[in-house]
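What follows is each chain in one-letter form.
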Amino acid sequence: MIHIEPIPAFNDNYIWCIYDDDSGKAAVVDPGEAGPVEEALLAQQLQLETILITHHHFDHTGGIEALTKHRDIPVYGPKNHQIASITHRLDEQSSMSLFGLDFTILEVPGHTLDHIALYCEDTGTGQPVLFCGDTLFAGGCGRIFEGNPTMMLNSLQKLAALPPTTEIYCAHEYTLGNLAFANAVEPNNTALNTRIRADKQRREDDIPTVPSLLATELATNPFLRCTEDTVIDSVKAQGGSNGDSEVDIFTAVRRWKDNF
Ligand SMILES: [Zn+2]
């Protein structure tokens with residue numbers, strides 16, 4: 001059976017470990033550092049077979065060199081030659097198979113230009129899963145470092161169109177900060193208020209708030225709600241938007257969050 005577990009790294013990164021407990025084979029997504037991965041593999045007696053990379057930032061790639069030094073394993077990632085260690089370069093025309101699971105590749109530029117997300121419709125539990133790096137976060141989205149707001153909005157819309165039952169495995173534990181901002185945008189959103197209480201409790205109990213469900217993101221994440229009147233009115237009350245289009249509102253929400 002396939003399991004997906006977080007390996008905490010740095011201050012607030014999650015390196016996702018996908019493993020098959022029948023074979024003991026494992027893959028890691030975005031290993032920003034090697035040490036915590038080696039410890040987790042040893043503790044669970046797993047053998048690292050594959051590395052998956054969503055984008056070129058160092059906190060997602062910094063561990064590749066050490067992890068591949070004594071292992072001859074494939075490194076799947078975006079078509080970005082800045083990441084020299086990638087052995088299999090993926091785009092939307094690519095497909096990838098891992099432990100018998102089929103993954104679809106989605107190009108999601110915005111946070112960086114090379115950003116990809118990895119989607120699997122069924123890991124054996126009947127539930128779709130998405131590894132989306134720093135594009136869609138629980139309660140928020142990544143900063144726009146290399147793309148532009150139109151690009152980022154298109155990427156988020158691509159993810160928002162996946163089945164609502166999709167589990168969202170993002171790469172950081174940013175949720176409570178994101179939800180505090182979401183609450184400033186939509187203070188009267190009941191689903192959001194329920195989520196804040198539940199996720200605060202999780203953090204108090206030292207439990208990750210990730211993965212979240214896409215359905216929850218659609219109901220509470222302001223970056224996926226830029227056509228909702230509540231979000232539009234709130235942005236306009238801030239004096240933040242130059243126009244009424246979805247991308248105008250999205251741009252204003254992103255700018256508001258950057259300064260929150
Ligand atoms: Zn990043």
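These numbers were taken from a predicted model, which means no experiment stands behind them.

This next bit is on the UniProt feature "binding site: Zn(2+) 2" (unreviewed entry) in the chain. Taking the UniProt record as the reference, the feature "binding site: Zn(2+) 2" (unreviewed entry) is found at Asp59, His60, Asp134 and His172. Annotated residues spanning 114 residues; largest pairwise C-alpha distance 10.6 Å, indicating a single compact cluster. Restricting the annotated residues just mentioned to those that line the largest pocket leaves Asp134 and His172. Within the secondary structure, Asp59 is located in helix H2 (residues 58-61). Note on Asp59: relative accessible area 22%, which makes it partly exposed. Apart from the residues within four sequence positions on either side, Asp59 is in contact with Phe10, Asn13, Asp30, Gly32 and His172.

Now for helix H4 (residues 149-160). Taking 1.5 Å per residue, 12 residues should reach 16 Å; H4 reaches 16 Å between its end C-alpha atoms and fits that length. Inspection of H4 places Met152, Leu153, Ser155, Leu156 and Leu159 among the buried residues, and these make up the whole buried set. Down the axis, H4 shows its buried residues gathered within 160° of arc, on one side only. The residue sitting at the N-terminus of H4 and contributing the capping side-chain oxygen is Asn148; that oxygen lies 3.1 Å from the backbone nitrogen of Thr150.

Rules behind the numbers
- Here the residue numbers are simple positions, counted from 1 along each chain's written sequence.
- Only residues with pLDDT of at least 70 are given local features in this predicted model, and only at 80 or more are side-chain atom pairs given and counted; all residues enter the totals for whole chains, interfaces and linings.
- Side-chain descriptors were evaluated using all non-hydrogen atoms of the structure, hydrogens and water having been removed beforehand.
- UniProt positions are given in the numbering used here, feature names are shortened, and annotations may be inferred rather than shown by experiment.
- Each cavity reported here is a set of points on a 1 Å grid over the protein atoms alone in which a 1.4 Å probe fits but cannot get out, each pocket an open set with protein on both sides within 12 Å along at least five of seven lines, and each lining residue one with an atom within 4 Å of a point.
- Counting from the N terminus, the helices are the DSSP runs of H or I reaching at least four residues and the strands are the DSSP runs of E reaching at least two.
- For the exposure calls, accessible area comes from a 1.4 Å probe over protein chains only, and a residue counts as buried if that area is under 20% of its type's maximum, exposed if over 50%, partly exposed in between.
- Whether two residues are in contact is decided by their heavy atoms, any of which lying within 4.5 Å being enough.
- Multiplying 1.5 Å by the helix residue count minus one yields the expected span of that helix.
- Here the arc refers to the set of directions running from the helix axis out to each C-beta atom.
- Under this definition, polar contacts are N or O atom pairs within 3.5 Å; protein pairs additionally need one hydrogen-donor-capable and one acceptor-capable atom, and for neighbouring residues in sequence, both atoms have to be side-chain atoms.

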